[in-house]
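Each chain is listed here by its residues.
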Amino acid sequence: MTTASPAPASMIDRIVTILDSFDEPQGFTLAQVVARTGLPRSSAHRILEHLVKVGWLRRDQLHYHLGLRILELGTLACYQHQLRGAASAHLYELAHSTGMTVHLAVLDGPEIVYLDKLGGRSSLRVPSRIGGRAPATCTAVGKVLLAYAGEPAVEALLRRPLPRPTPASIGTERRLRAELVSVQDRGISFDREESAWGLGCVAAPIGTPGSPEAAVSVCGPITRVNLEHLVAPVRATAQAVWASFSAGRTAPPSSLHGAAAPRQPIGA
């Protein structure tokens with residue numbers, strides 16, 4: 001059982017302290033949470049109720065329990081770890097054969113998150129890192145995932161100005177929609193100095209047709225890279241990653257809410 005320690009000062013520390021106190025399967029009352037955390041009763045109650053509101057906890061009369069959002073995030077972390085593990089050898093082979101930087105990424109709202117990065121000879125010049133984020137509309141991995149994310153995702157993204165880290169970045173709705181339709185038609189995406197000057201990338205989706213879970217890309221100096229020549233090896237790597245992952249996969253996070261609805265094409 002967790003024992004109370006001096007109350008943490010920062011709000012983040014207090015939230016973490018409360019969540020860490022739920023280390024047994026049963027729920028806890030407000031009084032029990034106060035005893036386990038050492039937090040003032042008023043602060044504990046305010047934080048508990050806010051965590052209920054955002055889904056991290058749920059309240060059953062007088063008792064608080066871990067919420068579905070915690071389950072979703074835990075499942076997602078496990079799922080992404082499995083995906084990265086299944087991809088590792090294939091990403092290494094792609095980086096080794098091309099001598100360029102290889103990324104594994106997933107879509108998170110208007111951004112992509114890099115799950116892995118393997119450096120080729122040009123890796124030091126590619127401004128990315130594992131766990132880092134980048135605007136989806138400016139990256140090859142982001143565009144190839146947005147193309148299949150569905151119209152609601154695109155509309156949500158367009159509610160704010162599109163980021164333009166370089167003059168080559170997509171800056172209008174018309175251009176973005178045309179680009180996503182092109183990606184759907186070909187099943188491949190390019191970044192021609194849209195995320196950073198001097199950088200060219202090719203990306204392919206990883207997953208079932210029309211509903212990718214992630215994407216893989218190869219990036220290198222655009223003046224020395226023939227992007228079209230990279231399409232075949234990137235596609236082959238994406239297919240190999242999905243085959244390895246499918247052989248030992250568990251249910252994806254979307255299964256927590258039942259079967260996923262078919263995704264609508266962009267502009268449908």
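Structure: above.
Worth saying up front: this structure is predicted, and the values here are computed from it rather than measured. (Residues numbered from 1 in each chain as written. Predicted model: local features only at pLDDT ≥ 70, side-chain atom pairs only at ≥ 80, totals over all residues. Heavy atoms only, no water.)

Although it is not a glycine, Gln61 adopts a positive phi angle of roughly 55 degrees. Mapped onto the elements, Gln61 comes out in the loop between β1 (57-60) and β2 (63-66). Judged by its relative accessible area of 69%, Gln61 falls in the exposed class. The backbone phi angle of Glu193 is positive, close to 60 degrees, even though this residue is not glycine. Residue classification places Glu193 among the partly exposed residues on the basis of a relative accessible area of 21%. (Helix = DSSP H or I, 4+ residues; strand = E, 2+ residues; numbered from the N terminus. Buried < 20%, exposed > 50% of the residue type's maximum accessible area, 1.4 Å probe, protein only.)

Looking now at the pairing of β2. Strand direction decides the pairing type here: β1 and β2, joined by 4 bridges, are antiparallel. The partner of Asp60 across the bridge, within β2, is His63. Two successive antiparallel strands, β1 and β2, enclose a turn made up of 2 residues, where Gln61 displays a positive phi of approximately 55 degrees. (Pairing = 2+ DSSP bridges.)

To continue, consider the packing of helix α2 (residues 30-37) against helix α3 (residues 41-53). Viewed as axis vectors pointing N to C, α2 and α3 meet at an angle of 115 degrees, and their least axial separation amounts to 10 Å. The angle between the axes of α2 and α3 places the two elements in the roughly perpendicular class. As α2 runs across α3, the sense of the crossing is right-handed. Seen from α2, the contacting residues are Leu30, Ala31, Val33 and Val34; seen from α3, they are Arg41, Ala44, His45 and Leu48. Across the contact of α2 with α3, the residue classes tally to 6 nonpolar, 1 polar and 1 charged. (Axes fitted to C-alpha atoms, helices over the stretch in contact; angles between N-to-C directions. Parallel < 35°, antiparallel > 145°, perpendicular 65-115°, else oblique. Left-handed = near helix turned anticlockwise from the far one by under 90°. Contact = heavy atoms within 4.5 Å. Nonpolar A, V, L, I, M, F, W, Y, C, P; charged D, E, K, R; others polar.)

The calculated volume of the second largest pocket comes to roughly 220 Å³. Elements that contribute at least two residues to the lining of the second largest pocket include exactly β5 (133-135), α5 (140-146), β7 (199-208) and β8 (211-221). Top element by residues in the lining of the second largest pocket is β5. It accounts for 3 residues. Among the residues making up the lining of the second largest pocket, the classes are represented as 12 nonpolar, 6 polar and 3 charged. (1 Å grid on protein atoms, 1.4 Å probe; cavity = no way out; pocket = protein on both sides within 12 Å on 5 of 7 lines; lining within 4 Å. Points joined across faces, edges and corners; volume = space filled by probe spheres on them.)

Attention now goes to the state of the cysteines. Summed over the entire model, instances satisfying the criterion amount to 1 disulfide. The disulfide that involves Cys201 links it to Cys219, with 2.4 Å between the sulfurs. Between Cys201 and Cys219 the disulfide shows an S-S torsion of about 115 degrees. By sign, it is right-handed. Here the residue Cys201 occupies a position in strand β7, and Cys219 occupies one in strand β8, the gap between them amounting to 18 residues. (Disulfide = S-S within 2.5 Å.)

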